[in-house]
Structure formats: structure tokens, C-alpha cells
Amino acid sequence: MGVILVSFNYRLGILGFMAHPELSEESDKNISGNYGILDQIAALNWVRKNISEFGGDPDNITIFGQSSGAANCYILSCSPLTEGKIAGAIMESAPSLGDVNVHRSPSEDYQTLSDAQQLGMQLMEKAKCRSIKEMRNMSYEELLILSRVEQADIKVGQFIIFPIVIDNYILSDTPAHIIFRGENHDINYMAGST
């Protein structure tokens, strides 16, 4: 039995995950952030539509990833947008299931749309921009420098870690909570540590 491997790119950092009220206004779902996850869902849909042309089976797609890629697999296996599109998921060293305490609110890795938009507004203020249009006129290098943080800045660390947004479109809750309740996709899973 052969395997057809499909790899793809998706937006990261500020371009892939920044949320902001102006960006939400542009969306027909009134949401923002999670663009990198939407890229992954678009790639999955493309594979389902086209994999048979390469000798593959659109009903036997297994997603896999390591570290943040594994966290993405957890997200995709909990999203209603991928229901029935994935047959299996392989996750190695995923950081997203560290705390399954269902009485806890979303962690720094996952935030409500409102909280994620607050981070975006802080970033816009740091950029000394008055609108998303002004930020779009910045070069990628300027955005990258902007997303570097200092000890007293928005978040501690080398770069701002943009949270996955609990937007009730891609995700209704954190993957940990969804999995704890047994509401993730009923597919084959393999999880491990590297």
C-alpha cells in the first residue's frame, strides 16, 4: 500500500493569526484571526477535490504534524469545518492538550475573539497606526519587527504568540475541552512524543 504525501504552506504569526475588530468587520462571519487555520482547511479541501488525480483516495486522508503541526491536527480534528473530511490524524509532541481542566477558561494559546482582538488593537497602537489599512501599508519586515516584544511589552518572549481564536466558526472551544467531552471527530488517532 503506497502513500501520497501532500505538504503545503500556511500563514504564520501576525499574517496568519492576528485578530482585530476591523478585520472582523471585513468577514461575512464577523470573525478574525485563525487565517493560518483557514489556509490549512483550504489545503485539505483542495486535496479532497484533487487527490484522486494523483492516485489517492479522498476518503482516506490522514493529517499529521509535530509540535505546532500536531496542535494544528488537534484543531482540525475538532473543527466542524473538517467533519467527514479526515480519516485519521497523527500528532507528535502536541502542546495543545497540556491542561484538560474543563473548569478553566481558554489558555494563552486559545482566546475568545474579544480577547484576541484586544491584542490586535494593542499591536496596532504599538505600530502607531490608526487603521488596518495603515498596517497593510507596512512592509513584512516592519510587521516582523513590530511583532518582536520586549520584557515590558504586550507578551513576554521573542515574538508575540498570537492565540487561536475560539470564534464559534472554526472552533467552539479549546481542543482539550472538545476532546474531553468526546465531541472531536470520530476518526483514527495516533499520538506520541518526539
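Right above here is the structure, for reference.
Now for a description of the structure that goes with this document. (Residues numbered from 1 in each chain as written. Predicted model: local features only at pLDDT ≥ 70, side-chain atom pairs only at ≥ 80, totals over all residues. Heavy atoms only, no water.)

### Details of helix α4 (residues 68-76)
Judged by how many residues are buried, α4 sits mostly within the fold: eight of nine residues are covered. Within α4 the residues assigned to the buried category are Gly69, Ala70, Ala71, Asn72, Cys73, Tyr74, Ile75 and Leu76. (Buried < 20%, exposed > 50% of the residue type's maximum accessible area, 1.4 Å probe, protein only. Helix = DSSP H or I, 4+ residues; strand = E, 2+ residues; numbered from the N terminus.)

### Points about unusual backbone geometry
Of note in this structure, serine 67 is not a glycine but carries a positive phi near 60°. Within the fold, serine 67 resides in the loop between β1 (62-66) and α4. Exposure remark for serine 67: the relative accessible area of 32% places this residue in the partly exposed category.

### Here we look at the layout of surface pockets
What the largest pocket holds in volume is close to 830 Å³. In terms of lining residues, the largest pocket is bounded by 28 residues, among which Val6, Ile61, Thr62, Ile63 and Phe64 are the most central. Going through the elements one at a time, α3 (35-50), β1 and α4 are the ones with two or more residues in the lining of the largest pocket. (1 Å grid on protein atoms, 1.4 Å probe; cavity = no way out; pocket = protein on both sides within 12 Å on 5 of 7 lines; lining within 4 Å. Points joined across faces, edges and corners; volume = space filled by probe spheres on them.)

### Here's the deal with the pattern of salt bridges
Counting across every chain of the model gives six salt bridges. Note that arginine 181 is salt-bridged to glutamate 183, the shortest N-O span being 3.1 Å. Exposure remark for arginine 181: the relative accessible area of 39% places this residue in the partly exposed category. A relative accessible area of 48% places glutamate 183 in the partly exposed class. Look at the salt bridges and you will find they share partners, linking Asp173, Arg181 and Glu183 into a network. (Salt bridge = Lys/Arg side-chain N within 4 Å of Asp/Glu carboxyl O.)

### Quick notes on the pairing of β1
The two faces of β1 differ: Ile63 and Gly65 on one face are buried, but Thr62, Phe64 and Gln66 on the other face are not. Here β1 pairs with strand β2 (residues 88-92) via five bridges, running parallel. Considered in β2, the bridge of glycine 65 is made with methionine 91. Between β1 and its parallel partner β2, the chain crosses via α4, and the hand of that crossover is right-handed. (Pairing = 2+ DSSP bridges. Right-handed = clockwise from strand over helix to strand, strands pointing away.)

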